[in-house]
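Remarks on the overall topology
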Amino acid sequence: MSILTPEILTELEKQSIELPSWAFGNSGTRFRVFGTPGTPRDPFEKISDAAQVHKHTALAPSVALHIPWDMCDFGDLRKHAEDLGVRLGTINSNTFQDEDYKFGALTHEDAAVRRKAIDHHLECIEVMDATGSRDLKIWLAEGSNYPGQADMRARQDRLHESLSTIYAALGDDQRLVLEYKFFEPSFYHTDVPDWGTSYTQVAALGEKAMVCLDTGHHAPGTNIEFIVMQLLRLGKLGSFDFNSRFYADDDLIVGAADPFQLFRILFEVVRGGGLNNPDVAFMLDQCHNIEDKIPGQIRSVLNVQEMTARALLVDREALAAAQSANDVLGANAVFMDAFYTDVRPALAEWRERRGLPADPMAAFAASGYLAQIAAERVGGTQAGWGA
Ligand code: PSV
Ligand code: MN
Ligand code: MN
């Protein structure tokens, strides 16, 4: 009998992970952006590539867009997505590539600059109306580089004011998720550096505002699963941006740097009722600078699926018994037993039973899709970060 019980499989079958459109474009570091043959030249080609991930895994039915990078006719894009069996998801705003935002956007001293940044978000809400998206994700590249440079407190007040105006424009079924990041591009202070600040800001807005937790946006050693637990407990965990990091905001494949951390996070998701909970969006926020992008995304969603399966394998009853008996090593052993269980053969067999490839990475490689797009997509500008 499979180690994955029918109850576990029911949960796994419901799992869905949103892909970022920008993961399919070229990206790099501030030193160089390397090109990859076949890289999408427009949002339509990004969606086509994302649909390949879903086709081989049945795990990724939606794609997040970034505005203005993905500006196009959204009615056409929506139809293109639906024809390929996927849908358009979260809309990400962008206030980090405009000269006017050098010293801030939603927090800027100058009301005219704040107005421009607010208007950009209102435009994003119009895009959401056209794409049928529920979530507006806001990540702000705002802060200061030197002590004394900025009035941090006044900036919090202006942030609240700006966010309130954006929040007021949301439709009944729309939400705002506010992402935090402790550094970069500002290096002394960031206006939304941590979950506490994001929570404080969204709590002041209302029920339709939630926190977005990007796993790569914490200082080394941070107990991220504790934050997951707390936000779920408070009913304010709106979304995840999954990726992994060794050093900074590396945006590497989720589960690549520290699979155990991903397991611990997903255990708290399961424990806190966050799994397959419509209030919690599971997204990837990654860039594939040197590896092929579509296989990079396939590997990523499989990593999340594998760690979710292991998290579901934790014997919660045995764990609770050991915890209440203060059996330190016993409780830890129950936890580690699940983490060390190799679920890959059971998942492969389950996939086959559902008409999916047992090995999605191999099936995609054998499909010839990468060679096909490399031949077809010549000319034009390859889309991506810095585009
Ligand atoms: C920049 O840190 C960032 O990676 C944020 O995590 C956003 O979610 C993403 O870019 C897209 O804007
Ligand atoms: Mn992010
Ligand atoms: Mn980031």
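Quantities reported herein were computed from a predicted structural model and do not represent experimental measurements. (Residues numbered from 1 in each chain as written. Chains lettered and ligands numbered in written order. Predicted model: local features only at pLDDT ≥ 70, side-chain atom pairs only at ≥ 80, totals over all residues.)

Close contacts around ligand 1 come from Asn92, Trp139, Glu179, Lys181, Asp214, Asp241, Asp249, Asp251 and Asp285, and that covers them all. Of the residues assigned to the shell around ligand 1, the class counts are one nonpolar, one polar and seven charged. (Near = placed C-beta within 6 Å. Nonpolar A, V, L, I, M, F, W, Y, C, P; charged D, E, K, R; others polar.)

Any segment with low pLDDT has predicted coordinates that should not be analysed in fine detail. Here the protein chain averages 97 in pLDDT, while 98% of its residues score no lower than 70. For this predicted complex, the interface confidence reaches an ipTM of 0.98, while the overall pTM sits at 0.97. (pLDDT = per-residue confidence, 0-100.)

Residue placement: Leu262 occurs in helix α8 (residues 259–271). In sequence terms Leu262 and Asp191 are 71 residues apart; their C-alpha atoms lie 27 Å from each other. Apart from the residues within four sequence positions on either side, Leu262 is in contact with Val254, Gly255, Asn303 and Met307. (Helix = DSSP H or I, 4+ residues; strand = E, 2+ residues; numbered from the N terminus. Contact = placed C-beta atoms within 7 Å.)

Between helix α7 (residues 224–233) and α8, whose axes approach to 9 Å, the crossing angle comes to 15 degrees. If you check the angle between α7 and α8, you find them roughly parallel. The handedness of the crossing between α7 and α8 comes out as right-handed. Contacts between α7 and α8 pair Ile224, Glu225, Val228 and Met229 from the former with Gln261, Arg264, Ile265, Glu268 and Val269 from the latter. For the contact of α7 with α8, the class distribution of residues is five nonpolar, one polar and three charged. (Axes fitted to C-alpha atoms, helices over the stretch in contact; angles between N-to-C directions. Parallel < 35°, antiparallel > 145°, perpendicular 65-115°, else oblique. Left-handed = near helix turned anticlockwise from the far one by under 90°.)

Here the focus is unusual backbone geometry. Each neighbour pair has its own omega, and for Ile67 with Pro68 the value is 15 degrees, a cis peptide bond. Looking along the chain, the bond that leaves Glu184 and enters Pro185 is cis, with omega of 5 degrees. Tracing the chain through its elements places Pro185 in the loop between β6 (175–179) and β7 (189–190). One non-glycine residue with positive phi stands out, namely Glu184, at about 70 degrees. Turning to its location among the elements, Glu184 is positioned in the loop between β6 and β7. For Glu184, a count of 12 C-beta atoms within 10 Å translates into the label exposed. Even without glycine at this site, Asp251 takes up a positive phi of about 55 degrees. You can see Asp251 is positioned in the loop between β9 (237–242) and α8. Exposure remark for Asp251: the 23 C-beta atoms within 10 Å place this residue in the buried category. (Buried ≥ 20, exposed ≤ 12 C-beta atoms within 10 Å, placed from the backbone.)

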